[in-house]
Amino acid sequence: TGKPLPYVPRPLPPLPDLPPLYISHGVDTDPTPVPWTSLYKYLGFMLRADLLDDHAYERVEKKTKAAAERLFPHHRLVRSWPLGQKLQLLQTIVLSVSTNVMPLLASMRCMSEYKTKRLDQLWKKIARSTLRLPGSSRYSYVVAEAGLGDVTSTITQHRLRLQLSLELHPLRDLAAPPIAC
């Protein structure tokens with residue numbers, strides 16, 4: 001459980017040897033070529049052509065660190081809160097950042113993966129400093145005191161929630177369900 005290495009995303013995949021796609025705007029206009037790229041931006045998220053989730057993971061890590069560093073050590077109001085409220089804020093931060101990006105984290109499937117360990121260690125570090133526990137505290141004790149789950153359980157929770165919401169949606173049986181379903 002030593003200090004994790006700095007995160008470095010894998011190199012982008014090479015561009016495919018395919019002709020560009022074309023978008024036609026009308027009958028009288030020339031079609032606009034759309035060249036291939038190895039990195040796409042969709043709804044504010046960066047997607048790689050090989051569908052690896054390095055950029056999504058980097059976003060989770062950076063946003064979690066930024067929120068914790070801004071609120072816990074420096075914010076006067078948060079410093080004056082009792083420990084229970086600080087823990088509730090920590091849980092909210094972790095879940096809100098994770099909920100935003102977790103569906104994109106497809107490769108984080110087991111505890112032995114490098115990204116899963118790094119994110120678990122980050123959550124543990126923030127919880128340990130919030131609880132004012134010594135650095136030698138066991139992981140299970142920090143998680144129990146903070147009321148946080150591990151990364152794998154959070155990913156599983158989001159996948160099950162999405163699956164159940166799709167299966168149980170009231171408009172799922174329509175001939176042409178709305179796009180949001």
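Quick summary incoming for the structure in this document. Computed from a predicted structure; not experimentally measured.

Cut-offs used in this document
Residues numbered from 1 in each chain as written. Predicted model: local features only at pLDDT ≥ 70, side-chain atom pairs only at ≥ 80, totals over all residues. Heavy atoms only, no water. Helix = DSSP H or I, 4+ residues; strand = E, 2+ residues; numbered from the N terminus. Contact = heavy atoms within 4.5 Å. Areas by Shrake-Rupley, 256 points an atom, 1.4 Å probe, with all protein chains shown as cover. Axes fitted to C-alpha atoms, helices over the stretch in contact; angles between N-to-C directions. Parallel < 35°, antiparallel > 145°, perpendicular 65-115°, else oblique. Nonpolar A, V, L, I, M, F, W, Y, C, P; charged D, E, K, R; others polar. Patch = residues over 30% accessible without salt bridge, like charges linked within 9 Å, V, L, I, M, F, W, Y side chains within 5 Å. Salt bridge = Lys/Arg side-chain N within 4 Å of Asp/Glu carboxyl O. Buried < 20%, exposed > 50% of the residue type's maximum accessible area, 1.4 Å probe, protein only. Left-handed = near helix turned anticlockwise from the far one by under 90°. Expected span 1.5 Å × (residues − 1).

Bringing the overall build of the protein chain into the picture now. When helices and strands are counted, the protein chain shows six helices and four strands. Within the protein chain, residue pairs in contact and separated by at least 24 positions form 57% of the contacts whose partners lie at least 6 positions apart. Carbon and sulfur atoms provide 62% of the accessible area of the protein chain, an area that totals close to 12300 Å².

At a closest axis distance of 9 Å, the pairing of helix 4 (residues 114–131) and helix 6 (residues 151–168) adopts a crossing angle of 105 degrees. When the interaxial angle is binned, helix 4 and helix 6 end up roughly perpendicular. Residues T116, L119, D120 and W123 of helix 4 lie in contact with helix 6, whose contacting residues are V151, T152 and T154. Grouping the constituent residues of the contact of helix 4 with helix 6 by class yields three nonpolar, three polar and one charged.

Taken together, the side chains of L15, L18, L21, I23, V34, W36 and Y40 define a hydrophobic patch exposed on the protein surface, amounting to about 620 Å² of accessible area. With respect to the helices and strands, L21 occurs in strand 1 (residues 21–23).

Note on placement: V60 falls in helix 1 (residues 54–71). On the basis of relative accessibility, which here comes to 0%, the residue V60 falls in the buried class. Distance in space between the C-alpha atoms of V60 and L119 is 8.5 Å, their sequence separation being 59 residues.

The subject of this paragraph is the pattern of salt bridges. Inspection of every chain in the model, using the stated rule, returns two salt bridges. Across the pair R118 and E61 runs a salt bridge, and its minimum N-O distance is 2.4 Å. On the criterion of sequence distance, the pair formed by R118 in helix 4 and E61 in helix 1 is long-range, its members being 57 residues apart. You'll find R118 and E61 in the same group, each marked buried. Here the salt bridges share partners, and the residues they tie into one network are E61, K65 and R118.

On to the packing of helix 4 against helix 5 (residues 139–146). As a packed pair, helix 4 and helix 5 sit with axes 9 Å apart at the nearest point and diverge in direction by 65 degrees. Handedness of the crossing formed by helix 4 with helix 5: left-handed. Counted together, D120, K124, A127, R128 and L131 of helix 4 and Y139, V142, E145 and A146 of helix 5 form the full contact between these two elements. Split by residue class, the contact of helix 4 with helix 5 holds five nonpolar, no polar and four charged.

Attention shifts here to helix 1. For helix 1, with 18 residues, the first-to-last C-alpha span of 26 Å sits near the 26 Å given by 1.5 Å per residue. Along helix 1, the residues classified as buried are D54, A56, Y57, V60, E61, T64, A67 and A68.

This part is about helix 6. Side chains that are three or four residues apart share a direction in an α-helix, a result of its 3.6 residues per turn. Between its terminal C-alpha atoms helix 6 stretches 26 Å, which fits the 26 Å expected from 18 residues at 1.5 Å a residue. Along helix 6, the positions that sit buried rather than exposed are V151, T152, T154, I155 and H158.

Moving on, we come to the environment of P31. By the secondary structure assignment, P31 is in the loop between strand 1 and strand 2 (32–34). Given a relative accessible area of 42%, P31 falls into the partly exposed group. In this structure, the C-alpha to C-alpha distance between P31 and L21, residues ten residues apart in sequence, is 9.4 Å. Excluding residues that lie within four positions of it along the chain, P31 makes contacts with Y22, I23 and S24.

Shape descriptors only; they carry no functional weight alone.
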